[in-house]
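The primary structure of each chain is shown beneath.
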Amino acid sequence: MTSLCLDVFFEKATPHDFLSVAALDRVVWQASAGGKYIPDGEHTWRIWCEHALTVVGKDSQGKVVAALLAFPCANQSYCLHKVMVAPSHQGQGMGAKLFDVLISELDRLGVDCFLTVSPSNTRALKLYRRYGFTKENFVQGFYRPEEDRLILIRQSVEMTTTR
Ligand SMILES: CC(C)(COP(=O)(O)OP(=O)(O)OC[C@H]1O[C@@H](n2cnc3c(N)ncnc32)[C@H](O)[C@@H]1OP(=O)(O)O)[C@@H](O)C(=O)NCCC(=O)NCCS
């Protein structure tokens, strides 16, 4: 894929990034169905940038234009809770760059990871499947009765070879 935004670099977030990530979170979902329910508060992002696995993509001015968040669950697996690319940067390979960092961290930790996605989000689905989220479970009415969801799981590299 051709990347039109080569000046964006990707790294693990620090506490300094939380306000920028929270701001991105407020704009990215505006076009999505149910978008008003999706953004999280600044306190949450402050905690996640320090204590969870948060990856950010920053342009040459240091502006956060892409971010993802995965956090550990009680059963030791990770939940990939947010993946977002600024509307101006979508479709240019930014999602893939976020996943490059995510996957190397998951493999370093040796953990499974799961996510949920709308069955109609073809761009996101293509990305997730390409990065190994291949075990799928369809859940009808996941949020509200009309809102179905796919649960996708990527098994850790170690588990993949033994199961
Ligand atoms: C979903 C999202 C994170 C993907 O990031 P992105 O940077 O736009 O995606 P990429 O450019 O890395 O492309 C990912 C794949 O989708 C494909 N793709 C790009 N535009 C597409 C489109 N309009 N329809 C279908 N597939 C598309 C790409 O070709 C690529 O696949 P490939 O590498 O096999 O060619 C981003 O679009 C986004 O933030 N969307 C709004 C928020 C959202 O829906 N997040 C996911 C919630 S579960």
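On a predicted model such as this, the values are computed, not experimentally measured, just so you know.

### Quick look at the site of the ligand
Working step 1: In the region of the ligand, 20 residues are neighbours, and Val 85, Gln 90, Met 94, Gly 95 and Ala 124 sit closest.
Working step 2: At the level of secondary structure, the elements contributing two or more residues to the shell around the ligand comprise strand E4 (78–85), helix H3 (94–109) and helix H4 (122–130).
Working step 3: With 6 residues, the single largest contributor to the shell around the ligand is H4.
Working step 4: Taken together, the residues of the shell around the ligand sort by class into 10 nonpolar, 7 polar and 3 charged.

### Focus on unusual backbone geometry
Working step 1: Of note, Gln 76 is a non-glycine position whose phi angle comes to about 80°, a positive value.
Working step 2: According to the C-beta neighbour criterion, Gln 76 is exposed, with 11 such atoms within 10 Å.

### Points about the confidence of the model for the protein
Working step 1: The predicted model of the protein has a mean per-residue pLDDT of 93, with 93% of residues at 70 or higher.
Working step 2: Low confidence marks residues 159–163, where pLDDT is under 50. Its contacts with residues over four positions away, or in another chain, come to 3 contacts.

So, how was this worked out
Residues numbered from 1 in each chain as written. Predicted model: local features only at pLDDT ≥ 70, side-chain atom pairs only at ≥ 80, totals over all residues. Near = placed C-beta within 6 Å. Helix = DSSP H or I, 4+ residues; strand = E, 2+ residues; numbered from the N terminus. Nonpolar A, V, L, I, M, F, W, Y, C, P; charged D, E, K, R; others polar. Buried ≥ 20, exposed ≤ 12 C-beta atoms within 10 Å, placed from the backbone. pLDDT = per-residue confidence, 0-100. Contact = placed C-beta atoms within 7 Å.

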